[in-house]
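Next come the chains, spelled out residue by residue.
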Protein chains: 2
Amino acid sequence: MREVAVIGVGMNKWGELWEKSLRTIFVEAALEAIEDAGVDRLDSVYVGAMSPGLFIAQEHISSLLADYLGKIPVPVARVESACCSGGLAVRQGFIEVASGMSDMVLVSGVEKMTDVTGNEATFTLGTASDQEYEGYHGITFPGLYSLMAVAHMHRYGTTREQLAMVAVKNHENGSKNPLAQFPFKVTVQGVLNSVLVADPLRILDCSPISDGAAAMVLCSVETAKRLKKPYVKIIGSGMATDTIALSSRKDLTWMESTHVAAQKALEMAGKKVTDIDLFEVHDCFTIAEIMVTEALGLVDKGKGGKAVEDGLTALGGKFPVNPSGGLKAKGHPVGATGVAQGVEVVKQLRGEAKERQVKGAKRGLTQNMGGTGGSCVVHVFEAA
Amino acid sequence: MREVAVIGVGMNKWGELWEKSLRTIFVEAALEAIEDAGVDRLDSVYVGAMSPGLFIAQEHISSLLADYLGKIPVPVARVESACCSGGLAVRQGFIEVASGMSDMVLVSGVEKMTDVTGNEATFTLGTASDQEYEGYHGITFPGLYSLMAVAHMHRYGTTREQLAMVAVKNHENGSKNPLAQFPFKVTVQGVLNSVLVADPLRILDCSPISDGAAAMVLCSVETAKRLKKPYVKIIGSGMATDTIALSSRKDLTWMESTHVAAQKALEMAGKKVTDIDLFEVHDCFTIAEIMVTEALGLVDKGKGGKAVEDGLTALGGKFPVNPSGGLKAKGHPVGATGVAQGVEVVKQLRGEAKERQVKGAKRGLTQNMGGTGGSCVVHVFEAA
């Protein structure tokens, strides 16, 4: 297998982009990545999208996006694994470049979530759960994560305030990210006073409904050197699955798919988690980030709440988590999220993250998961 | 890149399987392929599915299927490119094995299309067209293919009877396939007298709405030899895109994505189309098979109708097309179709196709396309 490099990144301003359609949002991010890479050809394209079928009644975006990017007849594969569709797109592009099958691959993610009415967005997100055993009985995603939150609080003494501190930290970081959907700061009291969604989770514990896209251009390290492009290497990729239904899990307070995917990615990279300088993780709800920091091994089981309280995961802390603002502040256009995590890590490793720069960062890790952790993709990036 | 082998295949009886859910159908086919391969581990799984979101309100089937196959935490990627989602799953598995990333990969496809009411299936299939420029104006897939049929008849003199002969041939072949959804024979007169769907296409020109799954186990040729398994090689893979909207095409009577994908696959295989002994192609409508035989180069432009009339594409003809019965008689559970094409070719190259065996077949080609040809995947298989 060949070594893989990222030579270009692109991401548009995320938000409720009512004046733009999916194809427009995608093309904006893709063209930015292509321009950043300075390449004039693509051998292959991957696009992560969770549910353009339910959100905008459009499948077959492989053809649609090749068309609107002006790249016909380039091969395009749409990949889906719910909320880690973007991470999966990065992984498939990594495999294709590593294989030698293609040399210049665009990996991208896009979701258009706000062209819906009523509770359609909540329903569509619910299709990431087990429809026959969870969805049809009426539980939503905030409901599923609230079960995990209650279990974690009960077993480990994690506090309602510690959950809020995740939101406070990520909005603090997000306030330094001009592409974030919600670049404002929040306070612990503000989170505690916000609207209740599914006890104990409140609206400011939840990532938003967003439109957005992100893209990266991958090629072999050999090609990046030949093109004399500044590049970042992808040195590890791991994916794992878990039961789709929460009720089938051995332990409601543990993200096993994250644990396994991270072990695989770190093993491929030949690194330990303590070798990593920053982490972009899947904080779809505040409790998720706490559980993920435990599953990644940044802290012991049950210590994720204490970690955020102690500032361990803050921008200046030992393990900076979500310097971009995370899903919480940056937004969560589902299919784009996993790719945008990579975009942030690449910007950090190039030293281009400005106010939110992690000083001297040499390695970063992305963790992107689907549903309640039924699937997870982890990548390890390293500065060249 | 390593050489890739198929060491196991599985497919269930297709039809309106109201008593079985998507997960059940998938597991049946997957277990059959695993048993046929005689392997006890999988490094990775690909599953092609067009729209479980719209058909059964279930996304995230990566997690669901790993779970129900009892293979957690195996990495699973769902891939989608409308009606060539299955072919895309084969391609991605091929790349992963070729890369050396994984050694034992299950490639599969599944669709559960009959759990719907009213015109929901037609609507869902319509999401493979350009929703903003085609779907929202009310055109359906039979409507789009009828435009191509009329153009082909007008330009080349293709007759209504020649369209019917495609159905007659494929049902004749399908009557020899115990897994086919509609294993009955039809006559030219029967097709001409069947219900009109979209002039000139009648119900017996159209592939059906189906439930079904198919699967194959891929590994490196080196591993297949070490396991002393009988195997078939995949020696070429090509994918190409075209405009999603029919109105953007240069020529309504030509399948450019099929032409390009086939050229790429044959180039990788180092073969000419005349080196191929049988073809499994995407006859979603009778006109589609006629256009595909032209795009593959089996006959000159405009001669596809004449080819079926002359028996060139019959089971005993020079270029046997769709010995399995094709989508027309075998059924078309969208995501499964492209994988089932591979299953048929493997059975033919192993000499296990019984009454529908193409004598002495050494090489087979699969052609699977999305929408009106907005995407296409072609593979070339060779007996070991």
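Everything numeric here is computed off the predicted structure, so don't read it as measured data.

Participant: Account for the packing of aromatic side chains, with residues named and values stated.
Facilitator: One pass over the full model with this rule turns up eight aromatic pairs over all chains. Seen from their ring centres, Phe182 of chain B and Phe184 of chain B are 5.5 Å apart, and the 40 degrees between their planes marks the pair as tilted. Its relative accessible area of 29% is what places Phe182 of chain B among the partly exposed residues. Among the residues examined, Phe184 of chain B registers a relative accessible area of 37% and is labelled partly exposed. Summarising the aromatic geometry, the rings of Phe279 of chain B and Phe319 of chain B are spaced 5.9 Å apart at their centres and angled 80 degrees between planes, so their arrangement reads as edge-to-face. Taken as a pair, Phe279 of chain B in strand S9 (residues 278-280) and Phe319 of chain B in the loop between helix H12 (304-309) and helix H13 (326-330) lie far apart in primary sequence, 40 residues in all. An aromatic cluster of three or more residues is present, and its members are Phe141, Tyr145 and Phe285 of chain A. Between the NZ or CZ atom of Arg23 of chain A and the centre of the ring of Tyr68 of chain A, over which it lies, the distance is 4.6 Å.

Participant: Tell me what's going on with the relation of the copies chain B and chain A, and back it up with residues and numbers.
Facilitator: Mapping chain B onto chain A leaves a residual RMSD of 0.0 Å; the transformation is a rotation of 180 degrees accompanied by 0.0 Å of translation along its axis. Here the copies are linked by what is in effect a two-fold axis. Distance from the rotation axis, computed per C-alpha, reaches its smallest value in chain B at Ser99 of chain B: 1.8 Å. When the interface residues of chain B are mapped onto chain A, 100% of them are again interface residues, pointing to one common binding face.

Participant: Give me the lowdown on the pattern of salt bridges, citing residues and values where you can.
Facilitator: Residues and elements named next belong to chain A. Overall, the coordinates contain 48 salt bridges over all chains when judged by the stated rule. A salt bridge links Glu344 to Arg356; the shortest N-O distance between them is 2.8 Å. With Glu344 in helix H14 (residues 334-349) and Arg356 in the loop between H14 and strand S10 (363-370), this residue pair connects regions lying 12 residues apart in the sequence. Assigned by exposure class, Glu344 and Arg356 land together as buried.

Participant: Describe the interface of chain B and chain A, with residues and values.
Facilitator: Between chain B and chain A, the contact holds 64 residues from the first and 64 residues from the second. Around 4,700 Å² of area is buried between chain B and chain A when both sides are counted, 54% of it from carbon and sulfur atoms. On the chain B side of the interface with chain A, the three residues burying the most area are His60, Met101 and Thr241 of chain B, jointly 15% of the side's total. The tally of links between chain B and chain A comes to six salt bridges. For Asp130 of chain A, the salt bridge identified is with Arg23 of chain B, shortest N-O distance 2.8 Å. The tally of links from chain B across to chain A stands at 40 residue pairs in polar contact (both at pLDDT 80 or more). Of the residues that constitute the side of chain B that touches chain A, the class distribution is 32 nonpolar, 21 polar and 11 charged. Relative to strand S3 (residues 76-80) of chain B, strand S3 (residues 76-80) of chain A runs antiparallel, the two sharing three bridges. For Arg78 of chain A, the partnering residue across the bridge sits in S3 of chain B and is Glu80 of chain B.

Calculation rules
Residue indices follow the written sequence of each chain, beginning from 1 at its first position. Each chain takes a letter, starting from A, and each ligand takes a number, starting from 1, following the order in which they are written. In view of the model being predicted, local features appear only for residues whose pLDDT reaches at least 70, and side-chain atom pairs are presented and counted only at 80 or more, with totals across whole chains, interfaces and linings using the full set of residues. Note that the side-chain values use all heavy atoms of the structure and ignore hydrogens as well as water. Only centres within 6.5 Å qualify two rings of Phe, Tyr or Trp (six-membered ring in Trp) as a pair; their planes then separate them into stacked at under 30 degrees, edge-to-face at over 60, and tilted for everything else. Remark: exposure states derive from per-residue accessible area (1.4 Å probe, protein chains only) relative to the maximum for the residue type, with buried under 20%, exposed over 50%, and partly exposed in between. Strands are runs of DSSP state E lasting at least two residues, helices are runs of H or I lasting at least four, and both sets are numbered from the N terminus onward. Throughout this description, the term charge over a ring refers to an Arg CZ or Lys NZ atom that lies within 6 Å of the ring centre and within 35 degrees of the ring normal. Superposing copies: least-squares fit, C-alpha atoms only, residues required to have pLDDT of at least 70 in both. We call two residues in contact whenever any of their non-hydrogen atoms come within 4.5 Å of each other. Think of a salt bridge as a Lys or Arg side-chain nitrogen and an Asp or Glu carboxyl oxygen that are within 4 Å of each other. Note on terms: buried area is the combined drop in 1.4 Å-probe accessible area of two parts once they are placed together, counting the loss on both. Within 3.5 Å is the distance limit for a polar contact, defined as a pair of N or O atoms, with the added protein rule that one can donate a hydrogen and the other accept it, and that residues adjacent in sequence qualify only through two side-chain atoms. We call Asp, Glu, Lys and Arg charged. Ala, Val, Leu, Ile, Met, Phe, Trp, Tyr, Cys and Pro are nonpolar, and the rest, Gly among them, are polar. We treat two strands as partners when DSSP finds at least two bridges between them.

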